[in-house]
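Analysis of the macromolecular model
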Amino acid sequence: MDQTTPPPGRRERKKAATRQALADAALALFLARGFDAVGVREIADAADVSVTTLFKHFPEGKVALLFDEDADREAALVAAVHNRPSGQPIPRALRDHLGSARDTARRADPRLDDFRALVERTPELREHSRRMWLRHASALASAIAEASALPADDPACLALAHFALASAGLAITSTATDADSDRALKRIFALLEHGWTAVAASPPGPA
């Protein structure tokens, strides 16, 4: 039996296009004027839809418009653990996924660094991002525990999830190139995979 997922229908494509138009309009306005200075009506007008339509797609309002891929990112983290090649250590799978996700996000939208800066300087967005991060860490810890046949509340699984998610931010600075970030990710995940003794005995080299 063919298990291929059928392509989305016309209605699903239209809904996805509307969501993307709203998210794009919101980000452009927020970057230009700041999160607090922009109202939902302005965003709806910029996307050429009604306010009712905006709330139909984003019932949580303005904040949700900036984090519209939240669920997809969490699902991808879990999939990186469950769908990794046989025998591949979990830290290696997470390192590869986070590096690939960063590159994909940067190619998809060159405003990624501006978006991060917007979140950092806006308390409401920073708090939402923190709560989202904790949800992702919890979901990832559960996936790690399940894949490792460990108890769901094993503190080592939660620690690995927290450190893995934190690594993405640690590897990125305002002056870092992609090669710099790759080297940093490799260094961080070498620690997570092999422990401090092995990492300290092997100074960082070229990527």
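My aim in this report is to walk through the structure given alongside it, one point at a time. (Residues numbered from 1 in each chain as written. Predicted model: local features only at pLDDT ≥ 70, side-chain atom pairs only at ≥ 80, totals over all residues. Heavy atoms only, no water.)

**Focus: the overall build of the chain**
Short version of the rule: Helical segments are the DSSP runs of H or I of at least four residues, strand segments are the runs of E of at least two, and each set is numbered from the N terminus. When a residue's accessible area, from a 1.4 Å probe over protein chains only, is under 20% of the maximum for its type it is buried; when over 50% it is exposed; and in between it is partly exposed. Whether two residues are in contact is decided by their heavy atoms, any of which lying within 4.5 Å being enough. Only the protein chains shown count as cover for residues, and the accessible areas themselves come from Shrake-Rupley with a 1.4 Å probe.
Helix and strand counts for the chain come out as 11 helices and zero strands. Counting helices and strands in the order they occur from the N terminus, the chain gives α-α-α-α-α-α-α-α-α-α-α. Looking at the chain residue by residue over its 207 residues, the buried ones come to 32%. Considering only residue pairs separated by 6 or more positions, the chain has 59% of its internal contacts joining residues 24 or more positions apart. When the accessible surface of the chain is summed, it comes to about 12400 Å², and 55% of that surface belongs to carbon and sulfur atoms.

**A few points about the nonpolar core**
The condition that has to hold: Nonpolar cores are built from buried Ala, Val, Leu, Ile, Met, Phe, Trp, Tyr and Cys residues. Side-chain atoms within 4.5 Å join them into one set.
Ranked by size, the top nonpolar core spans 24 residues in total, and within it Phe30, Ile43, Leu66, Phe67 and Leu125 carry the most contacts. Counting only elements with at least two residues in this core, the list comes to helix H1 (10-33), helix H2 (40-46), helix H4 (62-66), helix H7 (112-121) and helix H8 (123-147). Setting aside residues up to four positions removed in sequence, Leu66 forms contacts with Leu27, Phe30, Phe35, Phe115, Leu118 and Leu125. Ala80, Leu98, Ala145 and Leu185 belong to the second-largest nonpolar core, a separate cluster that totals 20 residues.

**Points about the packing of H8 against helix H9 (residues 155-170)**
Rules: Fitted lines through C-alpha atoms give the axes, limited to the stretch in contact for helices. The angle between two N-to-C directions lies from 0 to 180 degrees. Note on angle classes: values under 35 degrees are labelled roughly parallel, values over 145 roughly antiparallel, values of 65 to 115 roughly perpendicular, and the remainder oblique. Should the near helix be turned anticlockwise from the far one by less than a right angle, the crossing is left-handed, and should it be turned clockwise, the crossing is right-handed. For this classification, Asp, Glu, Lys and Arg are treated as charged, while Ala, Val, Leu, Ile, Met, Phe, Trp, Tyr, Cys and Pro are nonpolar and the rest, including Gly, are polar.
Look at H8 against H9: their axes get within 8 Å of each other, and the N-to-C directions meet at 130°. It follows that H8 is oblique to H9 by the angle criterion. Viewed along their axes, H8 and H9 form a crossing whose handedness is right-handed. In contact with Trp133, Leu134, His136, Ala137, Leu140, Ala141, Ile144 and Ala145 of H8, H9 contributes Cys157, Leu158, Leu160, Ala161, His162, Ala164, Leu165 and Ala166. Its residues assigned to classes, the contact of H8 with H9 comprises 14 nonpolar, two polar and no charged.

**Thoughts on the pattern of salt bridges**
Convention followed: One side-chain nitrogen of Lys or Arg within 4 Å of one carboxyl oxygen of Asp or Glu is enough to make a salt bridge.
Going through the model one piece at a time under the given rule, you end up with nine salt bridges. Where Glu42 meets Arg33, a salt bridge forms, and the shortest distance between an N and an O atom there is 2.6 Å. A residue is classified by how much of its surface remains accessible, and Glu42, at 31% relative accessible area, is partly exposed. We note a salt bridge from Arg135 to Asp70, for which the minimum N-O separation is 2.6 Å. Taken together, the residues span a long stretch of sequence, with Arg135 in helix H8 and Asp70 in helix H5 (residues 70-82) at a distance of 65 residues.

**Description of unusual backbone geometry**
For Asp48, which is not a glycine, the phi torsion comes out positive at approximately 60°. Turning to its location among the elements, Asp48 is positioned in the loop between H2 and helix H3 (51-57). Residue Ala149 is not a glycine yet carries a positive backbone phi of 55°. Considering the arrangement of structural elements, one finds Ala149 in the loop between H8 and H9.

**Some points on the environment of Asp96**
Put simply, the test is: Polar contact is defined as a pair of N or O atoms within 3.5 Å, subject to the rule that within protein one atom must be able to donate a hydrogen and the other to accept it, and that residues adjacent in sequence are counted only when both atoms are side-chain atoms.
Relative to the helices and strands, Asp96 resides in helix H6 (residues 90-108). Taking the C-alpha atoms as reference points, Asp96 and Asp182, 86 residues apart in sequence, are found 9.7 Å from one another. Only 3.5 Å separates the side chain of Asp96 from the side chain of Gln88, close enough to count as a polar contact.

**Here's the deal with the side chain of His57**
Within the fold, His57 resides in helix H3. If sequence neighbours within four positions are ignored, His57 has contacts with Lys15, Thr18, Arg19 and Leu22.

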